[in-house]
Amino acid sequence: GVMAARTIANERRRLVAVLLTPLMTCSARLPVYTLIISAFVPESLRPWGLDGRGLVMAGMYAFGVVLALLLAMALKWTRLYEAHPMPVTVLPPYRVPRARELFHYVRSRVWHFLSRAGQIIFLVSILLWALASFPRTSRPLAGLAPEAAAAAQIHDSALGMAGRAIEPVFRPLGWDWRVSVAVLSSLAAREVFVGTLGTIYAMGKETHGASGLMRALREATKDDGTARYGVPTAAGLLIFFAIAMQCISTIVIVRRETGGWKWPAVQFAAFFVLAYGLAFAAVRALTVLGA
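Everything in this summary refers to the structure shown in the same document.

The next point concerns the state of the cysteines. Applying the stated criterion across every chain yields a total of 0 disulfides. Left unpaired, Cys 26 is separated from the closest cysteine sulfur, that of Cys 247, by 6.4 Å.

Laid out in structure tokens, this is it:
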């Protein structure tokens with residue numbers, strides 16, 4: 001989507017499109033949405049009998065579109081606004097492409113993406129694996145199931161320590177160190193969030209699968225016996241993932257399309273602040289309402 005903005009002739013409008021494209025819901029967000037919605041949103045909204053989960057999922061798509069439109073309107077007050085865009089007076093002739101030419105074009109573009117962004121994604125994935133694997137835990141792991149042993153390792157790893165270190169930053173959103181670790185790991189790819197939480201809660205595919213993880217999230221409790229997560233936390237997570245730039249590949253492509261790290265840095269920081277602010281507002285509002 002970011003690369004498709006090349007077809008926009010006006011440079012400022014192209015930059016606006018590049019900056020706002022990540023707000024569109026992508027397939028990488030769907031596993032996160034599915035987990036959170038399935039765990040905390042009821043199947044039926046009484047007394048109307050509507051499909052609650054379907055409505056929330058559709059609402060997440062609409063949320064991204066509406067937010068992008070609002071931000072585009074706000075950018076009219078900045079230097080990125082172009083009052084008189086270059087008019088399009090001549091349309092190119094459109095023809096149905098030949099299958100062979102289409103195959104070669106798609107193959108070249110896919111290889112171009114993998115050779116550029118793929119290298120960064122691979123390196124970041126290796127880094128996250130190393131942070132989750134070292135230092136090795138000193139706990140006795142003999143007799144533990146593989147999933148429980150993996151959860152203990154993540155708890156004592158550098159990634160687990162980093163999650164506990166940043167936990168105070170995200171505590172206003174209702175996150176504990178487990179969610180913080182999962183969000184950190186999702187920088188490589190958003191869908192990694194689900195796998196990381198599953199490992200932390202020792203919910204392997206061989207035993208419980210997605211249903212076990214959803215049940216674990218619903219039944220998780222704090223030291224005082226109260227629920228660790230709830231509807232406010234779930235709403236905050238949905239909003240955060242809908243806005244924040246949890247995608248290394250997108251950041252790399254934006255850097256290449258804009259010719260430097262300035263705009264990716266501005267984009268990452270602005271979306272993080274906006275995601276945190278709106279998530280915090282949603283959590284506080286739902287908490288006050290007793291949700």
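Structure shown, so let's carry the discussion forward.
This paragraph deals with the packing of aromatic side chains. One pass over the structure, following the stated rule, counts 9 aromatic pairs. Ring geometry for Phe 170 against Trp 175: centres 4.7 Å apart, planes inclined by 20°, an arrangement best described as stacked. Residue Phe 170 is classed as buried on the basis of its relative accessible area of 8%. By relative accessible area, Trp 175 is classed as buried at 2%. Taken together, a centroid distance of 6.4 Å and an interplanar angle of 85° make the contact between Phe 170 and Phe 240 edge-to-face. Here Phe 170 is found in helix α6 (residues 158-170), whereas its partner Phe 240 is found in helix α10 (residues 231-243), with 70 residues between them in sequence. An identical accessibility class is assigned to Phe 170 and Phe 240; each is buried. Grouped by ring-pair contacts, the aromatic residues Phe 170, Trp 175, Phe 193, Phe 240, Phe 241, Phe 272 and Tyr 276 constitute a single cluster.

Helix length check: helix α12 (residues 262-288) (27 residues) gives 39 Å between terminal C-alpha atoms against 39 Å at 1.5 Å per residue, within 8%. Among the residues of α12, those classed as buried are Pro 264, Gln 267, Phe 271, Ala 275, Ala 279, Ala 282 and Val 283. Each element contacted by the buried residues of α12 is listed here: α1 (11-20), α3 (52-74), α10 and α11 (248-258).

Moving on: the environment of Phe 268. With respect to the helices and strands, the residue Phe 268 is situated in helix α12. Owing to a relative accessible area of 32%, Phe 268 belongs among the partly exposed residues under this scheme. Spatially, the C-alpha atoms of Phe 268 and Cys 247 are 9.8 Å apart, while their sequence positions differ by 21 residues. Contact partners of Phe 268, with chain neighbours within four places excluded, come to Leu 187, Met 245 and Ile 251.

The rules behind each value
Residues numbered from 1 in each chain as written. Predicted model: local features only at pLDDT ≥ 70, side-chain atom pairs only at ≥ 80, totals over all residues. Heavy atoms only, no water. Disulfide = S-S within 2.5 Å. Phe/Tyr/Trp six-rings, centres within 6.5 Å; stacked < 30°, edge-to-face > 60°. Buried < 20%, exposed > 50% of the residue type's maximum accessible area, 1.4 Å probe, protein only. Helix = DSSP H or I, 4+ residues; strand = E, 2+ residues; numbered from the N terminus. Expected span 1.5 Å × (residues − 1). Contact = heavy atoms within 4.5 Å.

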